[in-house]
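The lines below spell out each chain.
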There are 2 protein chains.
Amino acid sequence: MPNDHSASPPPARRVTIYDIAKRVGVSPSTASRALHKPGRVSKATEERVKQAAAALGYRANPAARALPTGRTGTIALLVADITNPVSFEIVRGAEREAEKHGYVLVTSEFREDHAKEASRAHSLAPSVDAFVLASSRLDDEAIAKIAALNPVVTINRESPSAFSVLADHEPALRELVRTLAAEGHDRLCYLAGPESSWTDARRWSVIEAAAGERGVEAVRLGPNRPTRKAGSAALEAVRATGASAALAYNDVMAIGLLTAARDARLSVPGDLSITGIDDIFGSDFTAPPLTTIAAPLEDMGTAAVRHVHAALSGEREPGIDTYPTQLVMRGSVGPAPRTKGKK
Amino acid sequence: MPNDHSASPPPARRVTIYDIAKRVGVSPSTASRALHKPGRVSKATEERVKQAAAALGYRANPAARALPTGRTGTIALLVADITNPVSFEIVRGAEREAEKHGYVLVTSEFREDHAKEASRAHSLAPSVDAFVLASSRLDDEAIAKIAALNPVVTINRESPSAFSVLADHEPALRELVRTLAAEGHDRLCYLAGPESSWTDARRWSVIEAAAGERGVEAVRLGPNRPTRKAGSAALEAVRATGASAALAYNDVMAIGLLTAARDARLSVPGDLSITGIDDIFGSDFTAPPLTTIAAPLEDMGTAAVRHVHAALSGEREPGIDTYPTQLVMRGSVGPAPRTKGKK
DNA sequence: CTGTTAGCGCGTTCAT
DNA sequence: ATGAACGCGCTAACAG
C-alpha cells in the first residue's frame, strides 16, 4: 500500500543558491551559472561563488533541479534476481560508472516476473532518466513501451527499441560441445532456463547446432525456473534422458544439479558431466569444481551505464555492444562413462 | 567527473494535474487533494478525478512533489560490499518493504571504505529521505553527522544517533565454542574482520569470553579484509597459532581459508576445524560443508525499512531491534586432532 | 468541500 | 558578464 511520505516536520532548511548569492552580492542566476555553466561568468565571480558555496556547505537540491530540466540524474537498473551472483557483478559495474558520471543508481529486482518487471519500470519511470534492463523477461512490445518513456539499454537481451549489451556465448559453447564430443559424449542434455528468457533461447539454439555438426544428440529439458531447487529437481529427468553430460542454463541450476547428484551418490563426472554458465561465486569450490563459461559482467554493467549516458547526452547510437566470453574447464567434466544407460 | 545531465531534447510532456483538473472541471488543488488526501474531498469528485487520472495515464512527478514537501520518497541503503551474499539478503528484504510503502530504494556499496561511505551518504543526502547503513564502517561521530541530515537506521551496528537492527550472535557463538570445547579443541583462533567493524569487535569479545569460561585458549588474528583472498592468505598464520579450530569473521573468509586448506592438502576437519558466520550462498556446498551461524538477514532488511518509515511518519522510537541467530553445524567441524602441533 | 494565491529551488529566457 | 522575471508540477496556506 503506497504512502504519502508526509508527516514529520521538515528538516532544517538547507542552503540554497539564494544564500550564496546574497553572501557574495550577486543575483541568484549568476550564482547558478557560476556553479554549473563554466565560462558563462567572469573568472573572478565564479571563484567567489564557489568559495561561498563551499563555505556554506551548499548542495544542490536535485528535485528543484529536476523540475525545470526534466532530468532527475538517476538511472534505474532492473535485474531478474538480486540473489543470483550474476546480478551483483552487473550492479557493481553499473554503480561505479553511474557514480563516475554523477548519476544515482536505483536497483530493483523483479524476481523473474515479467509483469512485475513492467509495472516496476512504469512506476519508476517518472523518477528516472533511463533504464538498464538486465536479463529482461519482457517481450519486444513491452520493452518498446518502456522505451517510449525513457531510453533503455538492455543487458543480455536484444531488442529493437533498446541499445543492447550482450555476452557472446557462442564460441565458448561451441568449444564446450566440441570438448564433450571429444570426450566421448554422444548425448547431451540442455537443462533449460526460463521460458521468456532471450538468452535461454540463444543458448539452446547454439548447443543444438553445435551438437548437430558433431553428430551428437542434444535434448532439451525445460523450461525451468533458474534456481538451485529447479536444478536439483531435474536430476531424475536428466538421468532419464540417458545423456552423459548435462549443460545447465546457468551456474545456479548447475550447482543444484551437482549437489543433487552428490546426494544421490552419483559420481561427477564419472557418471555424469555437468556444466553451467556465468562462473559465479561458488562455482570454483563445488565438489568437483564446475566447468562453466565466464562473461565480463562487471564490464557489461559499466558499458550499459556508459551507453545510457551517451543516449542522455544526445548521442544517437542505437545498436549492439558485444563482449567475449571464456570457457572455464574444471573438474565437473570428464570422459563419458563406458557403459551407457541405453546401450 | 560529475556531469550536468543536460543535453538531449526533453521527452514529450507528461500529463499533469492541470490536465486532469481541466478535464474534470475542477481546480488543480482539488485534483491534487482527490489524488493524495483521502477524505478531504467529496466522494463523487474524488471518483471523477481518479477516473480522469487513470484515463489520461497520469503519473505524479516526484520531483515536483518533493519540492514543496521536502520529501523525496526515496531511501538510501548503503552496504559494505554488494558482492558479499550477506548484502543481497538485506537488499532484497529492504527493497520489498520499500516497495510496499511506495518508497524508491537506492542501493550503494562503499567497498569497506569508510571515507567513501561518508562521502556517498553526504552526496546522496539531498536526494533521499533517510538512510539505512548496513555493516557501517563509520564511527559514531560520522554517523551522527549523517543523522543530522536525515534519519538513520543501522544494521549490525549500534550507534547512539540511529535506530539499530541487530543480529544477536552471542548465544550461537557460545554454543559453538562449547561444542568445540566438547570436541577437544583447547586452542581456538579467531580470524578477525575489518578493524572498523562493530560486529567484529562484538564477535571477538564473545568468543574470548566464552572460551575463557570453558578453559579454552583463544587467539585473535587480524584485522583482515573480509575477503576470500584474505581468508586464504591467513592459512599459514592460522596454522602457526597451533589452534585446532579457526573461527572466521564471516563465511567469505572461512571459505577462503577452507579452499586454501584443501589446496594445501590439509584435512578439514581432520587437521583443522573451520567455521564462519552468515550462512551465505555456497557455504552448504563447500567440501566439507561449512559450519556457520545463520541470521535472518532478509527480515532485518525489511525491519530496517519499516523503522525508517516509522521515523519518517513521525514516530519517535529510537532504540534497538534484535534478531536471533542459529548455529548451523556442518561437516567443517570435527574432533580436535590427537597429536597437537605444540604438544 | 473547493477555488485562489503563493511559493518550494533552480534553470532559463530576455534584457541590460 | 550579469540581473529580473518567469515557469517547471505540485502542495499548502487562506479564503470562501
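Residues numbered from 1 in each chain as written. Chains lettered and ligands numbered in written order. Predicted model: local features only at pLDDT ≥ 70, side-chain atom pairs only at ≥ 80, totals over all residues. Heavy atoms only, no water.

**Q** Can you walk me through helix 9 (residues 198-214) of chain A in this structure?
**A** An α-helix turns once per 3.6 residues; consequently, residues spaced three or four apart project the same way. Residues and elements named next belong to chain A. Over its 17 residues, helix 9 extends 25 Å from the first C-alpha to the last, a length consistent with the 24 Å expected when each residue adds 1.5 Å. Listed in full, the buried residues belonging to helix 9 are Thr-199, Asp-200, Arg-203, Trp-204, Val-206, Ile-207, Ala-210 and Ala-211. In a view along the axis of helix 9, the buried residues occupy a sector of 165°, so they form one face of it. Those residues of helix 9 that are buried lie in contact with helix 8 (170-182), strand 6 (187-191), strand 7 (217-221) and strand 8 (245-248). Backbone geometry just after helix 9 places Gly-215 at a positive phi near 70°. (Helix = DSSP H or I, 4+ residues; strand = E, 2+ residues; numbered from the N terminus. Expected span 1.5 Å × (residues − 1). Buried < 20%, exposed > 50% of the residue type's maximum accessible area, 1.4 Å probe, protein only. Arc of directions from axis to C-beta. Contact = heavy atoms within 4.5 Å.)

**Q** What should I look at first to understand the protein's contact with DNA strand D in this one?
**A** Surrounding DNA strand D, one finds 27 residues, the nearest of these being Thr-30 of chain A together with Ile-17, Ser-32, Tyr-58 and Arg-65 of chain B. Among the atoms of DNA strand D lying within 4 Å of the protein, the sugar-phosphate backbone contributes 64%. Measuring from a phosphate oxygen of DNA strand D, one finds a backbone N or O atom of Ser-42 of chain A at 2.8 Å. In the environment of DNA strand D, a base oxygen lies 3.2 Å from a nitrogen or oxygen atom belonging to the backbone of Pro-68 of chain A. Looking at the surface near DNA strand D, the elements with two or more residues in it are helix 2 (28-36) and helix 4 (62-69) of chain A together with helix 1 (17-24), helix 2 (28-36) and helix 4 (62-69) of chain B. Of the residues forming the surface near DNA strand D, the biggest block, five residues, is contributed by helix 4 of chain B. (Near = heavy atom within 4 Å. Polar contact = N/O pair within 3.5 Å; in protein donor to acceptor, adjacent residues only side chain to side chain.)

**Q** Before we go on, may I ask you to explain the sheet that holds strand 6 of chain A in this structure?
**A** Either a parallel or an antiparallel arrangement is found when strands of a sheet pair, and the pairing is made through backbone hydrogen bonds. Residues and elements named next belong to chain A. In spatial order, the strands read 7-6-8-9; together these four strands make up an open sheet with parallel pairing. Sheet topology places strand 7 and strand 9 (273-275) at the edges, where each strand pairs with a single neighbour. Going across the sheet, the axis of each strand differs from the next one's by a mean of 20°, ignoring polarity. As defined by bridge partners, strand 6 adjoins strand 8 across four bridges and the pair is classed as parallel. Across the sheet, residue Cys-189 finds its bridge partner in strand 8, namely Ala-246. Against the sheet, helix 8 contacts strand 6, strand 8 and strand 9, and its axis sits at roughly 170° relative to strand 8. Those strands touched by helix 12 (residues 251-263) are strand 6, strand 8 and strand 9, and its axis lies near 155° from that of strand 9. (Pairing = 2+ DSSP bridges. Axes fitted to C-alpha atoms, helices over the stretch in contact; angles between N-to-C directions.)

**Q** Would you take a moment to explain the protein's contact with DNA strand C for this structure?
**A** Around DNA strand C, a shell composed of 27 residues is seen, among which Ser-32, Tyr-58 and Arg-65 of chain A together with Ser-29 and Thr-30 of chain B lie nearest. Each atom of DNA strand C within 4 Å of the protein was assigned to sugar, phosphate or base; sugar and phosphate come to 61%. One nitrogen or oxygen atom from the main chain of Ile-17 of chain A is found 2.7 Å from a phosphate oxygen belonging to DNA strand C. At 3.2 Å from a base nitrogen of DNA strand C is found a side-chain nitrogen or oxygen belonging to Tyr-18 of chain A. If you list the elements that add at least two residues to the surface near DNA strand C, you get helix 1 (17-24), helix 2 and helix 4 of chain A together with helix 2 and helix 4 of chain B. Of all the elements, helix 4 of chain A adds the most residues to the surface near DNA strand C, at five residues. Along the lines of polarity and charge, the residues of the surface near DNA strand C split into 11 nonpolar, 11 polar and five charged. (Nonpolar A, V, L, I, M, F, W, Y, C, P; charged D, E, K, R; others polar.)

**Q** Would you take a moment to explain the nonpolar core for this structure?
**A** Generally speaking, soluble globular proteins have nonpolar side chains that are buried together. Leu-77, Val-165 and Val-238 of chain A together with Leu-77, Val-165, Val-238 and Leu-247 of chain B are the most contacted members of the largest nonpolar core, which has 149 residues in total. Setting aside chain neighbours within four positions, we find Val-238 of chain B in contact with Cys-189, Leu-191, Leu-221, Ala-243, Ala-246, Leu-257 and Leu-272 of chain B. Counting residues in hydrophobic clusters, the runner-up holds 35 residues, among them Ala-76, Leu-133 and Ile-143 of chain A together with Val-152 of chain B. (Core = buried A, V, L, I, M, F, W, Y, C linked by side-chain atoms within 4.5 Å.)

**Q** So what exactly am I meant to see when it comes to the UniProt feature "domain: HTH lacI-type" (unreviewed entry) in chain A here?
**A** In this structure's numbering, the residues bearing the UniProt feature "domain: HTH lacI-type" (unreviewed entry) are residues 15-69 of chain A. Note that residues 15-69 of chain A is 71% helix and 0% strand, and that its end C-alpha atoms are spaced 20 Å apart. (UniProt positions renumbered as here; feature names shortened; annotations may be inferred.)

**Q** Where do I start with the confidence of the model for chain A in this structure?
**A** When pLDDT is low, close inspection of the predicted coordinates is not appropriate. When the pLDDT values of chain A are averaged, the result is 92; 95% of them are 70 or greater. Below pLDDT 50 for its whole length, residues 6-11 of chain A participates in 10 contacts with residues either more than four positions away or in separate chains. (pLDDT = per-residue confidence, 0-100.)

**Q** Is there a simple way to think about the pattern of salt bridges in this case?
**A** Close approach of charged atoms allows side chains of opposite charge to pair. For the coordinates displayed, the defined rule picks out 35 salt bridges over all chains. A salt bridge links Arg-174 of chain A to Glu-213 of chain A, with the shortest nitrogen-to-oxygen separation between them at 2.9 Å. In this pair, Arg-174 of chain A is assigned in helix 8 and Glu-213 of chain A in helix 9, connecting sequence segments 39 residues apart. The exposure class of Glu-213 of chain A is exposed, given its relative accessible area of 58%. Through salt bridges with shared partners, a single ionic network connects Asp-81, Glu-109 and Arg-111 of chain A together with Arg-92, Arg-96 and Glu-298 of chain B. (Salt bridge = Lys/Arg side-chain N within 4 Å of Asp/Glu carboxyl O.)

**Q** I keep staring at the packing of helix 1 of chain A against helix 2 of chain A and nothing clicks. Help me out?
**A** Residues and elements named next belong to chain A. Running from amino to carboxyl end, helix 1 crosses helix 2 at an angle of 105°, the nearest separation of the two axes being 8 Å. Taken together, the axes of helix 1 and helix 2 are roughly perpendicular relative to one another. The segment helix 1 lies against helix 2, with Ile-17, Tyr-18, Ile-20 and Ala-21 engaging Pro-28, Ala-31, Ser-32 and Leu-35. Of the residues that constitute the contact of helix 1 with helix 2, the class distribution is seven nonpolar, one polar and no charged. (Parallel < 35°, antiparallel > 145°, perpendicular 65-115°, else oblique.)

**Q** Sorry, what's going on with the packing of aromatic side chains here?
**A** Where two aromatic rings form a pair, the distance of their centres and the angle of their planes describe that pair. Evaluation of the coordinates by the stated rule reveals six aromatic pairs over all chains. Between Tyr-190 of chain A and Trp-204 of chain A the ring centres are 5.8 Å apart and the planes differ by 20°, which places this aromatic pair in the stacked class. Residue Tyr-190 of chain A is found in strand 6, and its partner Trp-204 of chain A is found in helix 9; the two are separated by 14 residues along the sequence. Both residues of the pair, Tyr-190 of chain A and Trp-204 of chain A, belong to the buried class. In this structure an aromatic cluster arises from ring pairing among Phe-281 and Phe-285 of chain A together with Phe-281 and Phe-285 of chain B. (Phe/Tyr/Trp six-rings, centres within 6.5 Å; stacked < 30°, edge-to-face > 60°.)

**Q** Would you mind going over the relation of the copies chain A and chain B with me for this structure?
**A** Mapping one chain copy onto the other needs a rotation about an axis and a shift along that axis. Overlay of chain A on chain B (RMSD 0.1 Å): rotation 180°, translation along the axis 0.0 Å. What we have between these two chains is a two-fold relation. Taken together, the interface assignments show that 100% of the residues at the interface of chain A recur at the interface of chain B, consistent with an identical surface on both copies. (Least-squares fit on C-alpha atoms with pLDDT ≥ 70 in both.)

**Q** When you look at the interface of chain A and chain B in this model, what are you seeing that I'm missing?
**A** One frequent convention defines the size of an interface as the accessible area lost when the parts assemble. On the side of chain B, 69 residues touch chain A, which itself brings 69 residues to the contact. Buried surface at the junction of chain A and chain B, both sides included, amounts to about 5,900 Å², of which 53% is carbon and sulfur. Scanning the region where chain A abuts chain B turns up 10 salt bridges. Salt-bridge contacts for Asp-284 of chain A lead to Arg-228 of chain B; the nearest nitrogen and oxygen are separated by 2.7 Å. At the boundary of chain A with chain B, the tally comes to 10 residue pairs in polar contact (both at pLDDT 80 or more). It is helix 5 (residues 85-100) of chain A that contributes the most residues to the side of chain A that touches chain B, seven residues altogether. Residues of the side of chain A that touches chain B, tallied by class, amount to 29 nonpolar, 22 polar and 18 charged. (Buried area = accessible area lost by both parts, 1.4 Å probe.)

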